[in-house]
Amino acid sequence: MKKAIELELRLWVEGDAEPAADFAKITTAAVREMVRTGAKAQQGLTVKVKSLREVGD
Amino acid sequence: MILRRGSAALGALAGCLVIIIMLAALWLILQPRRIANEPLRGLPPAPSAPRRDVAGAPAPASRAAVVATPRLETTPALPSARVFAMRRQAPVSPGFEGCPANGDGGDPDMNALKNRSDTAAWQPVPIDTVLALPWPATTQRRHRERWSRDEMRDVARYEGVPISIEGYLAGGKQSGPESTNCHGADAGFRDWHVWLSPMPGRDRSNSIVVEPTPASRALHPYWTLNRIGHLSQRGELVRISGWLFYDPEHPEQLGKTRGTLWEIHPVMRIEVRRNGQWVPLDAAESGR
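Cut-off values and rules
Sequence positions are assigned chain by chain, starting from 1 and proceeding in written order. Just so you know, chain letters begin at A and ligand numbers begin at 1, following the order they were written in. Owing to the predicted nature of the model, reporting of local features is limited to residues with pLDDT of at least 70; listing and counting of side-chain atom pairs is limited to 80 or more, with chain, interface and lining totals taken over all residues. Strands are runs of DSSP state E lasting at least two residues, helices are runs of H or I lasting at least four, and both sets are numbered from the N terminus onward. Note on burial: count the other C-beta atoms lying within 10 Å of the residue's C-beta; 20 or more is buried, 12 or fewer is exposed, in between is partly exposed, and C-beta positions come from the backbone. Contact criterion: two residues are in contact if their C-beta atoms, reconstructed from the backbone, are within 7 Å. By convention in this section, buried Ala, Val, Leu, Ile, Met, Phe, Trp, Tyr and Cys residues joined through C-beta atoms within 7 Å make up a nonpolar core.

Q: Any chance you could explain the overall build of chain B here in plain terms?
A: Helix and strand counts for chain B come out as nine helices and seven strands. Split into buried and exposed, the 288 residues of chain B put 39% on the buried side. Partitioning the intrachain contacts of chain B with sequence separation of at least 6 by distance along the chain shows that 74% fall at a separation of at least 24.

This is how it looks when you write it as structure tokens:
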């Protein structure tokens, strides 16, 4: 049978960057890429990022 | 003939009575709504766009609680209309520790306001006045560069006024990394969320979020989250001064962890009431 699930994930991403460098843009692009390349290693599963946004207080 | 005239007169009288009763009933029905929609005394008339009709906006019960609060102000407040009509001071935001005033992304115009570090003569405003300030609901969760001219005008009606509010702290915490502070991960680069309430206690549903920033805290080494916590626990009367600021990002918190989207941000001065005097938190704590 074909199955599907929606998962919510909360990540803490840390690294060095110039003060004015757009860290939200850099890290969201990196996480998309991680999911895209990581999904290839999971045979039989298709993984798509449906939403990805910064959590604010 | 006389009888017919008499009955016609009686009919007309009865008709008048019915109309008077209906008008009186209508007046009674409309009376509470008229009061609820009336601008606060001294406030400029509310802008025309929809505002406090947002989901999660404070329930009438919480407004009633504010109205029932004994007056807090130890300093006579100027009429609010005069305070909000003040000529605005251009924000000075030099940046902090290499982080520019606009931050590292997000809403750069909003970040520049959050990062301002200039001071002014803080104008006393009652806490219930700030809790009742309107805002255009259409601006919620939208960056300022996308606001219409009307939306900008409606927010500018109140934003950028140097105010001080008396109340009770309902706790404080360190915020997460954010674009305003260039996503600095260290504690010294994070804002604090502090809640100012009209009543002592831990209830934040009718509170105002007031935020000491990295730049403002750098000038006040005695401001610590521990001291904020102690002031909250002891239910001490405090006076918070800083810039009135509109934060459109968290309408979902209304009625839960805030009573309004208006904030004091940045907080420039914290004072506590000691022996009938306002004492800066720094002096009150360093002298212990």
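Q: Would you mind going over the nonpolar core with me for this structure?
A: Nonpolar side chains tend toward joint burial in soluble globular proteins. Among the nonpolar cores identified, the biggest contains 45 residues, and Ile165, Leu169, Ile208 and Ile264 of chain B are the most heavily contacted of them. The residues touching Leu169 of chain B, leaving out its near neighbours within four places in the chain, are Val194, Trp195, Leu196, Ile228, Leu231, Ser232 and Val238 of chain B.

Q: Could you clarify how one ought to interpret unusual backbone geometry in this entry?
A: If a residue is not glycine, its phi is most likely negative; likewise, a peptide bond is most likely trans. All names here are of chain B. With omega at 0 degrees, the peptide bond leading from His265 into Pro266 counts as cis. Counting through the fold element by element, Pro266 comes out in strand S6 (residues 262–274). Of note in the backbone geometry, His183 takes a positive phi value of approximately 55 degrees without being a glycine. Among the secondary structure elements, His183 is positioned in the loop between strand S2 (162–174) and strand S3 (192–197). One non-glycine residue, Asn275, adopts positive backbone phi at about 50 degrees. Taking the C-beta count within 10 Å as the criterion, Asn275 has 5 such neighbours and is therefore assigned exposed.

Q: Explain the environment of Ser179 of chain B here, please?
A: Within the element layout of this structure, Ser179 of chain B appears in the loop between S2 and S3. On the neighbour-count criterion, Ser179 of chain B (23 C-beta atoms within 10 Å) is buried. For the pair formed by Ser179 of chain B and Arg234 of chain B, sequence separation is 55 residues and the distance between their alpha carbons is 34 Å. Discounting residues that sit within four places of it in the chain, Ser179 of chain B has contacts with Ala24 of chain A together with Gly103, Asp104, Gly105, Gly106 and Asn111 of chain B.

Note that all results are geometric; they support no functional claim without further evidence.
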